[in-house]
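Single-letter residue listing:
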Amino acid sequence: MKFYSTRKSSPEISFSEAIQQGLAPDGGLYVPEVFPKIDLSGIKNPSDILLPFLSGDILEDSIHDICAKALNFPTPTVKLNDSTQILELFHGPTCAFKDYGARFLAESLQQLANKDPQLKKTILVATSGDTGGAVASAFYQKSNFDVVILFPHQGVSKRQEKQLTCWGENITSYAVEGDFDTCQKMVKHKLSFEKEKYSSANSINIGRLLPQMTYYAIASLQNPGVNFIVPTGNMGNVVAAFWAKRMGFPIGKINIATNANSTISQFFESGNYQSQKTINTIANAMDVGNPSNIERLFDLYLDIKELKKTTEVLSVSDDQIKETIIQTHRDFGYIPCPHTATALYFKSKLTGNWMITATAHPAKFETVIEPLINKTLEVPNSLKKLLEKESHFKVIKEFK
Ligand SMILES: *Cc1c(COP(=O)(O)O)cnc(C)c1O
């Protein structure tokens, strides 16, 4: 199996090469050359789904072990009513679905380093919230790797800041005097000038996207024909759902919920893709005006008419998110995070049965949720452990 760049001007490479490169040299994103049709009745584990993508790769024999070590937390479904199920992806160490991809990427790189002890990399992450914590947790104490986290100084919530700065050892955190875009520019600059030393771990990395197919695939085997609504920012998670469908898993519709950042809904309306300035919302992990994984969607659907047959998009305002959190708590005793609430709001405007992707634990967003429902949120043990640790970080203007 080879992976090619969405911009088609880079050599095709293997999975192991692609996860080390992150972005392709031509600026494109790696995608699999085919989506293999596999015997669905033989699937027991995530590794059964991923094995064909590593065929011929030096990690082919390690895929079962990688999945067993990295994807070692449950992704349960919860039934709200006859037409609504929730797919909870937040039971990993940092309580967001990003643990899934970050842990798979880290474990894959670690197993490459086991084969080649010369492999040493510094993983650079610009983060406005959940990515940095998930990547730090995934690479913590992996001796061939250092992680450098750059986050906007005073631009993340207290609990998020804690998850970014509580690690020590091989993880270093910097609060940058600037916004998320400033952090991202610093990362891109380093990545383009010091390729040998640095690597990236955001959702342009194919090693984060591939494992995310597996929870959609397995949920569809348990609920054939299932329709999903995916809360979307950079479009990594929703592209993984499209990929699972393309592999032949019994998935019906895949709808996209965004916050007030409406780049994708405007694209569906007009047929022209136009990136927009990012707006800050209470579903902050989805504050993206120019989703990088759109290139992968365009690569998958050459004709937007084809895409529109099975996909609708809705942009959801902060007020609608708040209203949904209050109603879902009142009607079902269930508390969604603000991101998950965008998909639940979308569901309320649709007929038929839907599965909602729940992307984070509500306790990560207590300052938004607690005043709405007049209740203190219970903090899961994994998060408690992190919140008890001490923070270490430096405030910087420039990254050298
Ligand atoms: C990252 C994130 C999203 C958006 O996921 P994408 O793959 O970027 O579309 C949604 N919700 C939460 C909680 C996240 O951390």
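It should be noted that the structure appears before, not after, this text.
Notes on the structure in this doc start here. (Residues numbered from 1 in each chain as written. Predicted model: local features only at pLDDT ≥ 70, side-chain atom pairs only at ≥ 80, totals over all residues. Heavy atoms only, no water.)

**Some remarks on the sheet that holds strand 5 (residues 121–126)**
Selection criterion: In this scheme, strands are said to pair when DSSP sees at least two bridges between them. Counting from the N terminus, the helices are DSSP H or I runs at least four residues long and the strands are E runs at least two residues long. Each axis is a line fitted through C-alpha atoms, and for a helix only the stretch in contact is used; angles between axes span 0 to 180 degrees, taken between their N-to-C directions.
What the 5 strands build is an open sheet, ordered 8-5-6-7-13; its pairing is parallel. Every interior strand has two partners, whereas the edge strands, strand 8 (198–200) and strand 13 (394–396), have only one. Taking the axes of each pair of neighbouring strands and ignoring which way they run, one obtains an average angle of 30 degrees across the sheet. Here 3 bridges tie strand 7 (residues 171–176) to strand 13, and the two strands are oriented parallel to one another.

**A few points about the site of the ligand**
Basically, it comes down to this: One heavy atom within 4 Å of a molecule or strand is enough for the residue carrying it to be called near that molecule or strand. By the criterion applied in these results, polar contacts are pairs of N or O atoms within 3.5 Å in which, for protein atoms, one can donate a hydrogen and the other can accept it, and in which residues neighboring in sequence qualify only through two side-chain atoms. Using a 1.4 Å probe, the Shrake-Rupley method yields the accessible areas, and only the shown protein chains count as cover for residues. Ten residues, namely Ala, Val, Leu, Ile, Met, Phe, Trp, Tyr, Cys and Pro, are considered nonpolar, four, namely Asp, Glu, Lys and Arg, are considered charged, and the remaining ones, Gly among them, are considered polar.
The immediate surroundings of the ligand are formed by 14 residues, with Lys98, Asp130, Gly233, Asn234 and Thr359 found nearest. Between Asp130 and the ligand, the recorded distance is 2.6 Å, taken from a side-chain N or O atom to an oxygen atom. In this structure, Gly233 approaches the ligand through a main-chain N or O atom, which is 2.8 Å from an oxygen atom. Considered on its own, the ligand offers 380 Å² of accessible surface; in the complex 97% of this is hidden by protein. When grouped by side-chain class, the residues that make up the shell around the ligand number 5 nonpolar, 7 polar and 2 charged.

**Let's talk about the side chain of Thr311**
Spelled out, the test is: Buried means the residue's accessible area, taken with a 1.4 Å probe over protein chains only, is under 20% of the maximum for its type, while exposed means over 50%, and partly exposed covers the values in between. Should any heavy atoms of two residues lie within 4.5 Å, those residues are counted as being in contact.
The residue Thr311 is located in the loop between helix 12 (304–308) and strand 11 (313–315) in this model. Judged by its relative accessible area of 2%, Thr311 is buried. Setting aside residues up to four positions removed in sequence, Thr311 forms contacts with Phe242, Ile254, Asn255, Ile256 and Phe268.

**A look at the pairing of strand 5**
The buried count for strand 5 comes to 6 of 6 residues, which makes it a mostly enclosed element. Burial of strand 5 is two-sided: the residues Lys121, Ile123 and Val125 facing one way and the residues Thr122, Leu124 and Ala126 facing the other way are all buried. Inspection of the sheet shows strand 5 paired to strand 6 (residues 145–152) by 6 bridges, in the parallel sense. Bridging across to strand 6, Val125 finds its partner in Ile149. Sheet topology places strand 5 next to strand 8; 3 bridges connect them, and they run parallel. The residue bridging Thr122 from the neighbouring strand is Tyr198, located in strand 8.

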